Structure formats: C-alpha cells, structure tokens
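Structural overview for review
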Amino acid sequence: MDEKRQFLLFLSMFDLSYQKCKQIVDKMDNQLSLKKFIKTDFKDILQDDVHKNMLDKANPKIIENFVSDLENHDIIVVTHGDSYYPKKLLELPDYPYYLFCMGDLNLFNSTAIAIVGTRKPSNYGRVVTGKFARELAKNGVTIISGLAYGIDSISHKECLDVNGKTIAVLGSGFNNIYPASHYALARQIAKDGLLLSEYLPNKNATKYSFPQRNRIIAGLSDGVLITEAGIKSGTVHTRDFALDYGKNLYAVPGNIDNYTSELPNEIIKCGQAQCVTEPNDILLDLNIEKKQQKTLQLSIDEQAIINLLNDGMKEEEYLVKNCNLPMNVFNICLTKLEIRGIINRLPGGYIALS
C-alpha cells in the first residue's frame, strides 16, 4: 500500500469534516504519509484529545484492521488517487479525499444525470420526475440522487423499476440511513447500483452534511436536472455546485402559481438552465440516440383509458365516468396497466401515464 493511500485511509477513520481534512492535508503540503503526520504540529487545527487519539491510531496494523472490518461488511473505501476514484471528481476544487462505497464502482465513470428537487412534490412533479428517470435509465444513463423523500426517492425507484443503474449519495453513514424508511431502498441500490457516503458508517445525518453531500451529487454527474423545487429549498445548493463546476443544468417548467416550480422556472428565466420538456432533450444534449421503444399491445378497453390520459393526469372518478366501461372491467384494466408500468396511481386519487 502506498503512503498516500495509507494516510487517506487513516484520515477516513475519524469523524472529521471535509474542511478539517483539507486543513490537515494543506498543512502537510500534500506530502501525505503517517510519518509526516506524526512529525507535524497540528495544535492550530486539532483539539488536543482529537490529535492524541489520531496519534494513538497512526499505526499501519490498526488501519489494516479498520479496512478489513469494512470489507467484511461489503464496504470499500476509495481514496483520492486510487484507480477507481471517479475521474469527474478529480476536476473539483473541493474533491472528497475518500468515499465509503457499496455496490458497482464501475458506475463512477458512466454517463450520469443527477435528478434533484423538493421533498414534497406535486402530482405533476411526481409524473415528470418518473418520466425523466425512467426514459434516461432505459437509454443507459445512470441516475444520481440523494435518497431523500420526494424527488430523490422517486428518481431512484423509477430507475430501478426499469432495471436501470442509480447512485445514491448519502448525507449520513451506511448504518444510519436517512430517512430510516428508505433503508430497504438503500439496500436495493447497494445491490443493483451504487451507494456511497463521505461519512463513517455510524455517522448520523446533520444539517451540515446534506449541503456537503450535494457537491458530490453535482460533481459525479454530467448534468443536473431539477424537476420541482422551491426557491429556498436545499436544491439551491446543488444548483450552485452545478454552476460552479460547469455542469449542464436542466429544469422542467411548471405552474407559475405552485411554489415547488419556483426554482426551475427561475433558473430557466434567468438563463442558468436549459428548459427541458421531454427526456429526449437531455439525451440529445448528451449525444445519446434514443432507443426505439416497443409498441404497446393494448386491448380496446385498455386503450379507452389511455386515450383519456393522453392529455394529462385525471381523477379516477373522471375516468370511470368517461371511459364507458363496466366497473369490474375498468378495475381489471387499471390493474393490468399499473402492473405493466403504463400508468401510475398518484396521491388524491389521480391516475397518470408513466
């Protein structure tokens, strides 16, 4: 193991903020090794008890045991300079020194779009987010998000539903998934995609960890899509990182009277983001030719329901009244369409095309 990797693994053993790690690295003039650390005075950076704890553990065998224990739990630590370290993050001024990872490391260097937004999307936001996540994933684009409620979890789930690849960047450690209700989703992503964090496995989420996490979401992507978000939401941080890093920024326009459309409408209006109204807008920007979709085989009764949904979501009551189908036939058709992923049931009794 080379000295730089050994030292960065050593740093990853402690609950240090990115800023604190940067101060340590800068003080060492990037001559990263345990020997250099032991000989350097860090009184202006580290509290005495923290410094003493680190000196006590500045031992190759302790570091080896730390890494081995993580690997026994299927966790890999990727450090800056490793062959698997994501090339996109190398370009960032505030790149992470290490990442705790579970899953497919090959996704680091895949073509990827981050989809982010509000934790409380409208039905419109749910529909358009699902549509973009599915279609981009079907065409080989990796979907990146932050596992939060709302837009994040919709993006991950819709991607996985079409056997796409997704990356979830956490604001906590693997043993403290936040929100806790997304534990099963996190495990599925670790199995079928990639789960990663800058934090030790037992680290709890904090109000500071999420903005810090957002720089990695933006940095790993080839572009950031905002489907719905308020002007004061945490999505603003991801927008700012995307602009700072020179990433493509996309936004879906929304109802001007809906607060969750404030941010996308604003960044479209001021020219910060490209207005997108269908997934193909992004595929064209990425120079990806859209795959031909199989023609859906629908019964006459199923087609009657689809015809009513072609111009937008409808309440189930409206569909019942206007499709002219017996109630039992209507329910059977609706169930079949939902199982095949052609329609989505939304809060408030609404139905929409997927």
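Placed above this text is the structure.
Rules used throughout
- Residues numbered from 1 in each chain as written.
- Predicted model: local features only at pLDDT ≥ 70, side-chain atom pairs only at ≥ 80, totals over all residues.
- Heavy atoms only, no water.
- Helix = DSSP H or I, 4+ residues; strand = E, 2+ residues; numbered from the N terminus.
- Buried < 20%, exposed > 50% of the residue type's maximum accessible area, 1.4 Å probe, protein only.
- Areas by Shrake-Rupley, 256 points an atom, 1.4 Å probe, with all protein chains shown as cover.
- Disulfide = S-S within 2.5 Å.
- Salt bridge = Lys/Arg side-chain N within 4 Å of Asp/Glu carboxyl O.
- Axes fitted to C-alpha atoms, helices over the stretch in contact; angles between N-to-C directions.
- Parallel < 35°, antiparallel > 145°, perpendicular 65-115°, else oblique.
- Left-handed = near helix turned anticlockwise from the far one by under 90°.
- Contact = heavy atoms within 4.5 Å.
- Nonpolar A, V, L, I, M, F, W, Y, C, P; charged D, E, K, R; others polar.
- Pairing = 2+ DSSP bridges.
- Phe/Tyr/Trp six-rings, centres within 6.5 Å; stacked < 30°, edge-to-face > 60°.
- Lys NZ or Arg CZ within 6 Å of the ring centre and 35° of its normal.

Some points on the overall build of the chain
- The helix and strand inventory of the chain stands at 16 helices and 12 strands.
- With the C-alpha coordinates of the chain rotated into their principal frame, the extents come out at 80 × 45 × 35 Å.
- For the chain, the residues scored as buried account for 51% of the 354 residues in total.
- When the accessible surface of the chain is split by element, carbon and sulfur atoms take 48% of a total near 17,000 Å².

Here's the deal with the state of the cysteines
- One pass over the full model with this rule turns up 0 disulfides.
- The cysteine Cys270 is free of any disulfide, with Cys275 supplying the nearest cysteine sulfur at 13 Å.
- By relative accessible area, which is 44% here, Cys270 ends up partly exposed.

A short note on unusual backbone geometry
- Residues Tyr178 and Pro179 are joined by a peptide bond in cis, for which omega reads -5°.
- Note on placement: Pro179 falls in the loop between strand 5 (166–169) and helix 9 (183–192).
- Positive phi values are uncommon outside glycine, yet Leu147 reaches one of about 65°.
- Counting through the fold element by element, Leu147 comes out in the loop between strand 4 (142–145) and helix 8 (151–161).
- For Leu147, a relative accessible area of 0% corresponds to the buried category.
- Of note, the phi angle at Asn163 is positive, near 60°, even though the residue is not glycine.

Description of the pattern of salt bridges
- Per the stated rule, a full pass over the model turns up 19 salt bridges.
- One salt bridge in this structure joins Lys203 and Asp15, with 3.3 Å as the shortest N-O distance. Highlighted residues: Lys203 in the loop between strand 6 (194–197) and helix 10 (209–220) and Asp15 in the loop between helix 1 (3–12) and helix 2 (18–27), separated in sequence by 188 residues.
- A relative accessible area of 53% places Asp15 in the exposed class.
- In this structure, Asp44 engages Lys27 in a salt bridge whose closest nitrogen and oxygen atoms are separated by 2.9 Å. In this pair, Asp44 is assigned in the loop between helix 3 (34–39) and helix 4 (48–56) and Lys27 in helix 2, connecting sequence segments 17 residues apart.

Structural notes on the packing of helix 8 against helix 9
- At a minimum axis separation of 11 Å, helix 8 and helix 9 run at an interaxial angle of 45°. Of the possible angle classes, the one that applies to helix 8 and helix 9 is oblique. The crossing of helix 8 and helix 9 is left-handed. In this structure, helix 8 uses Ser153, His156, Lys157 and Leu160 to contact helix 9, whose residues at the interface are Leu185, Gln188, Ile189 and Asp192.
- Split by residue class, the contact of helix 8 with helix 9 holds 3 nonpolar, 3 polar and 2 charged.

A word on helix 11 (residues 235–244)
- Looking only at helix 11, the buried set comprises Thr235, Val236, Thr238, Arg239, Phe241 and Ala242.
- Buried residues along helix 11 sit in contact with strand 3 (112–116), helix 10, strand 7 (223–226), strand 8 (248–251) and helix 12 (262–269).
- Phi for Gly246, located one or two positions after helix 11, is positive at around 75°.

Topic: the pairing of strand 2 (residues 98–103)
- Here strand 2 lies mainly inside the structure; 5 of its 6 residues are buried.
- Across 4 bridges, strand 1 (residues 76–79) lies against strand 2 in antiparallel orientation. Within strand 2, the position partnered with Thr79 by the bridge is Tyr98.
- Of the pairings in the sheet, the one linking strand 2 to strand 6 comprises 4 bridges and is antiparallel in character. Along strand 6, the bridge assignment pairs Gly103 with Leu194.

Remarks on the packing of aromatic side chains
- According to the stated counting rule, one finds 10 aromatic pairs in the structure shown.
- Measuring from ring centre to ring centre gives 5.2 Å for Phe10 and Phe37, while their planes differ by 70°; the resulting arrangement is edge-to-face. Taken together, the positions of Phe10 in helix 1 and Phe37 in helix 3 put the pair 27 residues apart, joining distant regions of the chain.
- Residue classification places Phe37 among the buried residues on the basis of a relative accessible area of 0%.
- Chaining the aromatic ring pairs together yields one cluster made of Phe7, Phe10, Phe14, Phe37 and Phe42.
- When the ring centre of Phe210 is taken as origin, the NZ or CZ atom of Arg119, which lies over that ring, is 5.9 Å away.

A few points about the sheet that holds strand 4
- Here we have 9 strands laid out as an open sheet, ordered 1-2-6-5-4-3-7-8-9, and mixed in their pairing. Two strands bound the open sheet, and with one partner strand each, they are strand 1 and strand 9 (274–275).

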